[in-house]
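A structural walkthrough
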Amino acid sequence: MPGVRLPGNSTVGHVTVPVPVPGPGQVLLRMRASSICGSDVRAIYREHLGHGAEAYQGVIAGHEPAGDVVELGPGVTTLDVGDRVAVYHITGCGSCAECRRGYPIGCTAPTRAAHGWQRDGGHAEFMLAEAVSCLRLPENVTHVDGALVSCGFGTAYEGLLRGQVSGRDRLLITGLGPVGLAAAMLGRHLGATTIIGLEPVAERASLATELGLLDVVVTDPADLAGAVGDATNGHGCEVTMDCSGNANAREAALTHTAARGRCVMVGEGGRIDFAVSDLLIHKQASLLGSWVTSLGHMAELLDLLDRWGESPERIVTHRFALSDAGEAYAVAAEGAAGKVVITWD
């Protein structure tokens, strides 16, 4: 079968590999959608960065997969051939404290492996997955929806839960790439009464406006203070979330967090230097980090999307065949698109 690997240096390698055979507890999936994450671009496509959880091992790329079960390995009783599933993209040891909490993302065992990083991912016609990592898609949730929930929307949802977003809150999001757009979409459903976004990239700001996910979209950082002040009577937002990883945007999120508010950071990479007393201690604000999501929250989100009649697929701007993966990654790397996805439909 054809597949895609990422050798670095902003290149895509097309390979031919055997169709895998499921072992005990595993299933074979025919891929239907496999989207591209900003982490793929930042830490694998451009150059191979990181260690441990971010060490790419030359496997088939793609950690946001969704597909159909076509074969069951020995002992699998929780799934059936024909099931449509999204895949939680990290397999942990299953016995450490984080795994027992449902967060394999935090597993530190040497056996921990993420699809697209340490084990083959979704950029191929077929993919092996652990049955325990597969979540059935509700009837009205598409394969593309499921792929987006596997990481990006799951990450946004977890961050919103960490920030305890509700109808009491006004929400500021810095960075309106795919995760920021996801945070806006889900934050509205969770009850946020006013949603403000900061996005200097014109194409992404335009997409956010077109989708109608936010009340205010700010493109010039110099205008953010006025926009937040007008929307909150000068109090700031009860919840802020940085989805950019940019130091200035992170500081802006902290700056515009209301007294006793919550600032959540999900954007990867980089550093930040800020006035701790002014922005955190004296405001008695909470600063929270959030990394991906849990199996339980991912399943919860899939159910909520079905109940809300909401579709993450709305933020997809580009679709490509696997044979055009090079172009797909180039578009994603430009940082101006919404979500970029490889599909087989």
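Let me sum up the structure you'll find in this document. In this text, all values refer to a predicted model and were calculated from it rather than measured experimentally.

Another aspect to go through is the pairing of strand β2 (residues 11-16). Where strand β1 (residues 2-8) lies against β2, five bridges are found, and the strand directions are antiparallel. For Gly-8, the partnering residue across the bridge sits in β2 and is Thr-11. Where β1 hands over to β2, the hairpin turn is made up of two residues, of which Asn-9 adopts a positive phi near 55°.

So, about the environment of Asp-120. Inspection of the secondary structure puts Asp-120 in the loop between β7 (113-114) and β8 (126-130). Once the C-alpha coordinates of Asp-120 and Gln-57 are considered, the two residues, 63 residues apart in sequence, prove to be 9.4 Å apart. Within polar-contact distance, the side chain of Asp-120 engages the backbone nitrogen of Ile-60 at 2.9 Å.

Before going further, it helps to examine the packing of helix α3 (residues 143-162) against helix α4 (residues 178-189). Contact geometry of α3 with α4 gives a least axis separation of 8 Å together with a crossing angle of 55°. Our classification of the angle between α3 and α4 gives oblique. Classified by chirality, the crossing of α4 by α3 is right-handed. Between α3 and α4, the contacting residues are Gly-152, Phe-153, Thr-155, Ala-156, Tyr-157 and Leu-160 on the first element and Val-179, Ala-182, Ala-183, Met-185, Leu-186 and Gly-187 on the second. Here the residues of the contact of α3 with α4 sort into nine nonpolar, three polar and no charged.

A few words now on the pattern of salt bridges. Taken as a whole and judged by the stated rule, the model has twelve salt bridges. The partner of Arg-307 in a salt bridge is Asp-303, and the shortest N-O contact between them spans 3.1 Å. Linking Arg-307 with Asp-303, this pair stays in helix α9 (residues 295-308), spanning four residues, or about one helical turn. Ionic pairing is found between Arg-319 and Glu-313, a salt bridge with its closest N-O pair at 2.6 Å.

What counts, and at which threshold
Residues numbered from 1 in each chain as written. Predicted model: local features only at pLDDT ≥ 70, side-chain atom pairs only at ≥ 80, totals over all residues. Heavy atoms only, no water. Pairing = 2+ DSSP bridges. Helix = DSSP H or I, 4+ residues; strand = E, 2+ residues; numbered from the N terminus. Polar contact = N/O pair within 3.5 Å; in protein donor to acceptor, adjacent residues only side chain to side chain. Axes fitted to C-alpha atoms, helices over the stretch in contact; angles between N-to-C directions. Parallel < 35°, antiparallel > 145°, perpendicular 65-115°, else oblique. Left-handed = near helix turned anticlockwise from the far one by under 90°. Contact = heavy atoms within 4.5 Å. Nonpolar A, V, L, I, M, F, W, Y, C, P; charged D, E, K, R; others polar. Salt bridge = Lys/Arg side-chain N within 4 Å of Asp/Glu carboxyl O.

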